[in-house]
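Summary of the model geometry
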Amino acid sequence: ATRPPLWSRGLGDVYKRQGHGWRASWKLKDHSSDSATLEFHHSPDEWPWSYEALQYFSLDGENLCVELELRNTSESSMPSGFGLHPYFVRTPRSRVTAECERIWINDDEVMPLSLDPLPTDRNIKEGLMPEVGFIDNTFTGWNRKAKIEWPEWNAEMLMESDAPLDFLVMYAPLNEDFFCVEPVSNVTDAFNMMDRGEAGHGTVSYTHLTLPTNREV
């Protein structure tokens, strides 16, 4: 079978990448004073599978729980990756700490080159500050917990996820007032890794998949 084309993120990207929901409009399906459900439906186009996705948000005191559900509504298995992409306020001393074993080192176009031990300037186990410079890396061997701290405000939060969100991405662009800490199910370029028969990419083919993750503030 011919491999289906993927699409560009735009903004000058030279690579085609999987992704619908991050730039799409989601429909409010249900809500209450402490919960909300959003849904998104995709019909086959250059991505030849139909599917539906749901996000369930619920508050319990100071805790926010986000559950993701992805349903393949086509007749054949669909390769997929999934995750959350929350943005956080960036301060000069903000810091992210997580138990991870290795890091994907990227080339100049942010494509993964090698899976290496944690370097000194990206040692998220010891606390990684967005202010160290441009960061856009995937961490592996994650225990699905991350602590985010803002010492200036005497504030911190704990992020926890469940399988299959087994990878952690940290994104901190230069000269911006935000950074992102992303629990995801797969590494960057996972579809091509799967196509080449490589292991450890995290992509799955499925007919129905529910991906829960929790964020505790």
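Note: the structure precedes this text.
Every value quoted in this text rests on a predicted model; they were computed, and no experiment measured them.

What follows is about the packing of aromatic side chains. Under the criterion given, the structure shown has 8 aromatic pairs. Measuring from centroid to centroid gives 4.7 Å for Trp 47 and Trp 49, while their planes differ by 55 degrees, and the two rings are tilted. A single burial state applies to Trp 47 and to Trp 49, both of which are buried. Relative to Trp 153, the ring of Trp 150 has its centre 6.4 Å away and its plane inclined at 15 degrees; by these criteria the two rings are stacked.

On to the sheet that holds strand β15 (residues 167-172). Pairing in this open sheet of 6 strands is antiparallel, and the strands run β8-β16-β15-β12-β10-β11 from one edge to the other. Strand pairing shows two members of the sheet lacking a second neighbour, β8 (87-89) and β11 (112-117), which therefore form its edges. Averaged over all neighbouring strand pairs, the angle between strand axes comes to 25 degrees, with direction disregarded.

With that settled, the discussion passes to the nonpolar core. In this structure, Phe 88, Ile 124, Phe 139, Ile 148, Leu 168, Phe 179 and Val 181 are the most contacted members of the largest nonpolar core, which totals 21 residues. Counting residues per element, the ones that place at least two in this core are β9 (95-98), β12 (135-140), β13 (145-150), β14 (155-161), β15 and β16 (178-184). Counting 12 residues, the second largest nonpolar core, distinct from the first, contains Phe 40, Leu 64, Leu 70 and Leu 84.

What counts and how
- Residues numbered from 1 in each chain as written.
- Predicted model: local features only at pLDDT ≥ 70, side-chain atom pairs only at ≥ 80, totals over all residues.
- Heavy atoms only, no water.
- Phe/Tyr/Trp six-rings, centres within 6.5 Å; stacked < 30°, edge-to-face > 60°.
- Buried < 20%, exposed > 50% of the residue type's maximum accessible area, 1.4 Å probe, protein only.
- Pairing = 2+ DSSP bridges.
- Helix = DSSP H or I, 4+ residues; strand = E, 2+ residues; numbered from the N terminus.
- Axes fitted to C-alpha atoms, helices over the stretch in contact; angles between N-to-C directions.
- Core = buried A, V, L, I, M, F, W, Y, C linked by side-chain atoms within 4.5 Å.

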